[in-house]
Amino acid sequence: TFISNPERVAPTKDPAYYTWRTEMLISDDPITLLETEGAFEMFAGGYRVSAPIIGGLLRRVAGVSSLNQTVLLMVALPVLTALLLASFAYRQRRDPLLWHAVALMSASLFLTPPFVGYLDNMLCLLWLAAALPFLPHTRDSWPARAGFGMFLLLSGFTHPTTLAIFCLALGAMSVVRVLFRRFDLRSVVRDDGWMVIVALAAAISSYVIWKVGIWGRSASLSEAALPPPYGSDFFVDRMVLWIDAMRPALNLPLIVIGVAGLIMAGRKASEDELARVSIVWLAPLAGIFGFLAGLTYPYYRFFNTTLAWVLLAGVGTYFVARLLIDVAKRGGIRVVALAGVDALGVIIASNFGTGFTKSGW
């Protein structure tokens with residue numbers, strides 16, 4: 001649709017905002033991007049500059065038009081992130097079916113409201129997904145530590161709040177390993193020490209760079225997340241709309257199956273990076289229940305601070321599909337088993353169809 005209609009604006013929440021940031025960056029001194037904050041400072045973005053810098057490269061180097069650079073980013077980011085998640089899962093369990101299940105299911109969920117339109121969030125999640133394959137090798141590989149740290153630092157230039165949440169999740173992963181290893185701290189430090197050190201270094205570097213101001217002006221990390229000035233009822237209603245668009249009746253059971261399947265490994269789950277990452281990284285979703293404590297903030301935005309629930313939906317799809325295929329191979333009720341696999345395909349296809357409709361693609 002974007003090829004046949006080259007002047008069509010990207011289907012995002014704020015396409016003009018992202019286009020404006022890129023155009024300002026390539027037409028004026030970089031500091032102007034930080035100085036222009038708008039009414040109530042709602043246009044302030046601090047050093048969340050990855051998206052406009054990439055947009056500027058597309059504009060100046062690739063010769064992409066001002067409207068199409070946002071289109072390219074909004075289409076490419078979910079595709080690349082889905083492939084990266086599939087790559088991470090496949091590296092842990094060398095089954096091609098797992099790669100396809102995670103790639104297709106996660107891509108279909110990237111068309112739901114948490115990801116369509118939130119360009120900085122989606123780009124930050126791309127960097128984190130790119131960092132995941134390096135994570136298991138930080139124990140004994142300097143190239144892996146460098147790659148892991150580079151992608152986390154890029155996250156700090158994209159959405160520091162999401163980076164901070166991810167770093168806390170990494171710490172929680174180490175705590176889980178301590179508990180399962182019966183407080184054998186020495187072995188946990190040996191296996192996870194460099195992972196934690198690199199993550200901490202990336203978080204501190206991001207803070208220092210924002211406060212020093214590499215473009216000549218310091219920026220507050222509070223500019224990384226500017227909540228709209230609404231009441232709790234608005235945020236609850238918006239969250240209900242988001243959850244409904246995620247089609248929980250079809251997708252939530254697959255997420256639960258993904259969690260259960262990984263936990264069934266028992267003690268081995270704490271040593272399985274796929275299980276540690278996907279289950280512990282669910283913790284940020286606790287933020288959606290803030291209204292129960294009488295707090296007021298965009299509860300729904302915690303859905304796009306983590307990729308865990310998207311990854312688990314793909315893992316759950318894999319577990320069900322692998323079980324059904326194995327049943328069919330062993331001479332079970334093949335018609336029923338293959339019908340079940342087809343049903344999974346229908347769920348994924350309907351996710352895409354509903355997502356395309358709701359997002360306006």
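Everything discussed here concerns the structure shown above.
No experiment lies behind these values; they were computed from the predicted model shown.

Engineer: I tried to follow the pattern of salt bridges on my own but got confused; where do I start?
Structural biologist: Two side chains of opposite charge can pair, provided their charged atoms sit close to one another. Counted under the stated rule, the structure contains 15 salt bridges. Close ionic contact of Glu271 with Arg181 constitutes a salt bridge, the shortest N to O distance being 2.7 Å. Here Glu271, found in the loop between helix H11 (248-263) and helix H12 (273-280), pairs with Arg181, found in the loop between helix H8 (160-180) and helix H9 (185-212); they are 90 residues apart in sequence, far enough to count as distant. A relative accessible area of 17% means that Arg181 is categorised as buried. Salt bridges sharing partners connect three or more residues here, namely Arg139, Arg177, Arg181, Arg190, Asp191, Asp192, Glu271, Glu273 and Arg276.

Engineer: Can you help me understand the layout of surface pockets in this one?
Structural biologist: The probe, sized like a water molecule, is rolled over the atoms to show the empty space still left. Reported here for the largest pocket is a volume of approximately 900 Å³. Around the largest pocket, the lining comprises 32 residues; the ones closest to its centre are Tyr118, Leu226, Pro227, Pro228 and Arg301. When contributions to the lining of the largest pocket are tallied by element, the ones reaching two or more residues are helix H1 (15-27), H8 and helix H10 (232-245). If one sorts the elements of the lining of the largest pocket by residue count, H8 sits on top with 3 residues. Of the residues assigned to the lining of the largest pocket, the class counts are 19 nonpolar, 7 polar and 6 charged. Size it by volume and the second largest pocket reaches roughly 290 Å³. Top contributing element to the lining of the second largest pocket by residue count: H11, with 6 residues. Among the residues forming the lining of the second largest pocket, the class breakdown is 13 nonpolar, 1 polar and no charged.

Engineer: Teacher, can you tell me more about the packing of H1 against helix H4 (residues 66-92) here?
Structural biologist: For any two helices packed against each other, the geometry is given by the interaxial angle and the distance between the axes. Two elements in contact, H1 and H4, have axes separated by 9 Å at closest approach and are oriented at 115 degrees. Judged by the angle between their axes, H1 and H4 are roughly perpendicular. H4 is crossed by H1, and the crossing has right-handed handedness. Here Pro15, Tyr18, Thr19, Thr22 and Glu23 of H1 come into contact with H4, specifically with Ser66, Gln69 and Thr70. When its residues are assigned to classes, the contact of H1 with H4 shows 2 nonpolar, 5 polar and 1 charged.

Engineer: Whenever I open this one, the environment of Leu104 confuses me. Can you help?
Structural biologist: By the element assignment, Leu104 lies in helix H5 (residues 96-109). With a relative accessible area of 43%, Leu104 lands in the partly exposed category. Separated by 20 residues in sequence, Leu104 and Cys124 have C-alpha atoms that sit 20 Å apart. Every residue in contact with Leu104, bar those within four places of it in the chain, is listed here: Ile348 and Phe352.

Engineer: I would appreciate a short explanation of the packing of aromatic side chains in the present structure.
Structural biologist: For any pair of aromatic rings, geometry is given as the distance between the ring centres together with the angle between the planes. Taken as a whole and judged by the stated rule, the model has 23 aromatic pairs. Seen in terms of ring centroids, Tyr297 and Tyr299 are 4.8 Å apart; in terms of plane orientation they differ by 65 degrees. Their pairing is edge-to-face. Exposure remark for Tyr297: the relative accessible area of 21% places this residue in the partly exposed category. Put simply, the rings of Tyr118, Tyr230, Phe234, Phe235, Trp242, Phe291, Tyr297, Tyr299, Tyr300 and Phe302 pair up and form one aromatic cluster. Above the ring of Trp142, the side-chain terminus of Arg145 is found at 4.5 Å from the ring centroid. Sitting over the ring of Tyr300, Arg238 keeps its end group 5.6 Å from the ring centre.

Engineer: Looking at this structure, I do not really get empty space enclosed by the protein. What am I missing?
Structural biologist: Under the criterion given, the structure shown has 3 cavities of 30 Å³ or more. Taken as a whole, the largest cavity encloses approximately 60 Å³ of empty space. Residue lining of the largest cavity: 13 residues in total, with Thr112, Ala245, Arg247, Asn351 and Gly355 positioned closest to the centre. Mapped onto the lining of the largest cavity, the elements with two or more residues apiece are H5 and helix H14 (334-359). Residue classes in the lining of the largest cavity are distributed as 5 nonpolar, 6 polar and 2 charged.

Engineer: Would you mind showing me how to read unusual backbone geometry here?
Structural biologist: Leaving glycine out, the prevailing phi sign among residues is negative, and the prevailing peptide bond configuration is trans. Positive phi, close to 60 degrees, is recorded for Phe183, a residue that is not glycine. Residue placement: Phe183 occurs in the loop between H8 and H9. Owing to a relative accessible area of 60%, Phe183 belongs among the exposed residues under this scheme. Notably, Arg247 is not glycine yet its phi reads approximately 55 degrees, a positive angle.

Engineer: Would you mind showing me how to read the packing of helix H6 (residues 119-131) against helix H7 (residues 142-156) here?
Structural biologist: Direction vectors running N to C along H6 and H7 enclose 170 degrees, while the axes themselves pass 8 Å from each other. By the criterion of interaxial angle, the relationship of H6 to H7 is roughly antiparallel. For the pair formed by H6 and H7, the contact residues are Cys124, Trp127, Leu128, Ala130 and Ala131 on the first element and Phe148, Phe151, Leu152, Leu154 and Ser155 on the second. For the contact of H6 with H7, the per-class residue count stands at 9 nonpolar, 1 polar and no charged.

Engineer: For this particular structure, what's the right way to read the side chain of Thr81?
Structural biologist: Its location among the elements puts Thr81 in helix H4. On the basis of relative accessibility, which here comes to 0%, the residue Thr81 falls in the buried class. The contacts of Thr81, once residues within four sequence positions are left out, are Phe110, Met122, Leu125, Leu126, Ala129 and Leu307.

Engineer: How should I be thinking about a nonpolar patch on the surface in this particular structure?
Structural biologist: A cluster of nonpolar side chains, contributed by Leu200, Ile204, Tyr207, Val208, Val212 and Leu221, occupies part of the molecular surface with about 550 Å² of accessible area. Tracing the sequence through the fold places Ile204 in helix H9.

Definitions and cut-offs
Residues numbered from 1 in each chain as written. Predicted model: local features only at pLDDT ≥ 70, side-chain atom pairs only at ≥ 80, totals over all residues. Heavy atoms only, no water. Salt bridge = Lys/Arg side-chain N within 4 Å of Asp/Glu carboxyl O. Helix = DSSP H or I, 4+ residues; strand = E, 2+ residues; numbered from the N terminus. Buried < 20%, exposed > 50% of the residue type's maximum accessible area, 1.4 Å probe, protein only. 1 Å grid on protein atoms, 1.4 Å probe; cavity = no way out; pocket = protein on both sides within 12 Å on 5 of 7 lines; lining within 4 Å. Points joined across faces, edges and corners; volume = space filled by probe spheres on them. Nonpolar A, V, L, I, M, F, W, Y, C, P; charged D, E, K, R; others polar. Axes fitted to C-alpha atoms, helices over the stretch in contact; angles between N-to-C directions. Parallel < 35°, antiparallel > 145°, perpendicular 65-115°, else oblique. Left-handed = near helix turned anticlockwise from the far one by under 90°. Contact = heavy atoms within 4.5 Å. Phe/Tyr/Trp six-rings, centres within 6.5 Å; stacked < 30°, edge-to-face > 60°. Lys NZ or Arg CZ within 6 Å of the ring centre and 35° of its normal. Patch = residues over 30% accessible without salt bridge, like charges linked within 9 Å, V, L, I, M, F, W, Y side chains within 5 Å. Areas by Shrake-Rupley, 256 points an atom, 1.4 Å probe, with all protein chains shown as cover.

In short, shape yes, function no, at least from these values alone.
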